[in-house]
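Coordinates in review
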Amino acid sequence: MISRKTCIALAEAYQAVFSHQKRTHTRYTTKYSTEVAYESLYDFAFAAGFEPWFCNMLRHASKHVDTYSSSRVVKEFVMRVHTGEFVSGITPNWTEDQRQRLGQEYLYNLAGELIRGIDEREIRTVADLTPIRTSVLRALELDGYLYRAPNLLMPDSDVVDSEEERNVLEDLYRRLELNDIDVALRHLGLSEENYSRGGWEDAIGNARKYLEKVLSEVANRHSIHTSGEFLSSDVYDWPSKVRGYLAKAKLLEEKEVSALKEVYGLLSETGGHPYMARSDQARLLRHLALTFSQFAMLRLEGFLGKD
């Protein structure tokens, strides 16, 4: 699913690509305003194969937003696609969920066509569109999408988008009453932010720190529950000893600890994976770190629930 954060990046991209600054001179001042290239936007959507009604909605986007400021009309229209509001007037018998599902289909197509249009130079502008393409593509990658020209590939059904993933992990962390949630969420957030700006090593590094924090807190919570005492700092501060504790406590099986050790090694060898793009390394290793974090927390939840 395309998250709200990715939708905003896509909406800002369409606004930037299909609008321009207009300069108006008067006797005493020079005024600047933003004008949307509605005709170009319509032509682009038409050529991409969107239905006539949708092309017309894009061309007359100002009729479908609450504010009529030309600097935001396209952006707000794309955001309304995410919420499903863009078809609320013509689908009176639909549920909100049905409208949002349709919105996801259109966002997916809007994203894929924008990237393809930039790559194939179908969008004519003097501006350099590379930064816009990069911003949208990285946001999509965090949601699990991949672009393999000329197609945007959907994620597997078991891969959640970054926003949902973050919410699931935070909810689980809180539910287990693990300590230092601010520290954990900071590393989780930094990993996402670093990826978005192309800081591949920092994205992997913060994902590793988040995993370390989760495992230490899972072990600490188990220690408090079983012995009434905090986990010794001699164990808590050492990832290898934490893994050993989790194995001894039967929270993780030996084969799972072994797999975790190998993943931790991959996360620690930043940039040491030949024949693979750094962006792909960061995306996949980050996902591994978050998956193992969730795995460990779910194991603890199961353990606590048996009492």
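Throughout what follows, the structure given in this document is the object of discussion.

A closer look at helix 11 (residues 239-248)
- Every buried residue of helix 11 is accounted for by V242, R243, Y245, L246 and A247.
- Buried residues belonging to helix 11 abut helix 9 (200-227), helix 10 (233-236) and helix 12 (254-268).
- The positive-phi residue at the C-terminal boundary of helix 11 is K250, with phi of around 70 degrees.

Some details on the pattern of salt bridges
- In total, this model carries 22 salt bridges according to the counting rule given.
- Linking D97 and R101 is a salt bridge whose minimum nitrogen-to-oxygen distance equals 2.2 Å. Here R101 and D97 lie together in helix 5 (residues 96-119), a separation of four residues that amounts to about one turn.
- Given a relative accessible area of 47%, R101 falls into the partly exposed group.
- The salt bridge involving R175 is made with E301; its shortest N-O contact spans 2.8 Å. With a gap of 126 residues between them, R175 in helix 7 (residues 162-175) and E301 in helix 13 (residues 278-305) connect regions that are remote in the sequence.
- Through salt bridges that share partners, E113, R116, E120 and E122 make up one connected network.

Remarks on empty space enclosed by the protein
- Enumeration according to the criterion identifies two cavities of 30 Å³ or more in this entry.
- Volume-wise, the largest cavity comes out at about 60 Å³.
- Those elements that place two or more of their residues in the lining of the largest cavity are helix 9 and helix 11.
- The element that contributes the greatest number of residues to the lining of the largest cavity is helix 9, accounting for four residues.
- Looking at side-chain class alone, the lining of the largest cavity contains five nonpolar, one polar and two charged residues.

Structural notes on the side chain of E141
- Relative to the assigned elements, E141 resides in helix 6 (residues 130-142).
- Put simply, E141 is tucked away with no salt bridge, and the nearest opposite charge, on R283, sits 5.4 Å away.
- Ignoring anything within four residues of it in the chain, the contact list for E141 reads Y195 and R283.

Quick look at the packing of aromatic side chains
- Inspection of the entire model under this criterion finds 15 aromatic pairs.
- On the basis of an interplanar angle of 90 degrees and a centroid distance of 6.2 Å, the ring pair of F54 and F86 is categorised as edge-to-face. A residue pair is termed long-range when its members are at least 10 positions apart, and F54 in helix 3 (residues 52-59) and F86 in the loop between helix 4 (73-83) and helix 5 qualify at 32 residues. Take F54 and F86: they sit in the same class, and that class is buried.
- Their ring planes at 70 degrees and their centres at 5.0 Å tell us that Y195 and W200 sit as a pair that is edge-to-face. Neither residue differs from the other here; Y195 and W200 are each classed as buried.
- Here a set of aromatic residues connected by ring pairs shows up, and it is made of F50, W53, F54, F77, F86 and Y106.
- Residue placement shows R59 over the ring face of Y42; its charged tip is 4.2 Å from the ring centre.

With respect to the environment of R166
- One can find R166 in helix 7.
- R166 gets classed as partly exposed once you look at its relative accessible area, which sits at 24%.
- For the pair R166 and E192, spaced 26 residues apart in sequence, the C-alpha to C-alpha distance is 9.5 Å.
- Among all residues touching R166, those that are not within four sequence positions of it are L188 and E192.

A few points about the environment of T134
- One can find T134 in helix 6.
- Its relative accessible area of 24% is what places T134 among the partly exposed residues.

Quick notes on the rules
Residues numbered from 1 in each chain as written. Predicted model: local features only at pLDDT ≥ 70, side-chain atom pairs only at ≥ 80, totals over all residues. Heavy atoms only, no water. Buried < 20%, exposed > 50% of the residue type's maximum accessible area, 1.4 Å probe, protein only. Helix = DSSP H or I, 4+ residues; strand = E, 2+ residues; numbered from the N terminus. Contact = heavy atoms within 4.5 Å. Salt bridge = Lys/Arg side-chain N within 4 Å of Asp/Glu carboxyl O. 1 Å grid on protein atoms, 1.4 Å probe; cavity = no way out; pocket = protein on both sides within 12 Å on 5 of 7 lines; lining within 4 Å. Points joined across faces, edges and corners; volume = space filled by probe spheres on them. Nonpolar A, V, L, I, M, F, W, Y, C, P; charged D, E, K, R; others polar. Lys, Arg positive; Asp, Glu negative; His and termini not counted. Phe/Tyr/Trp six-rings, centres within 6.5 Å; stacked < 30°, edge-to-face > 60°. Lys NZ or Arg CZ within 6 Å of the ring centre and 35° of its normal.

Keep in mind that these numbers describe shape and distance, not what the molecule does.
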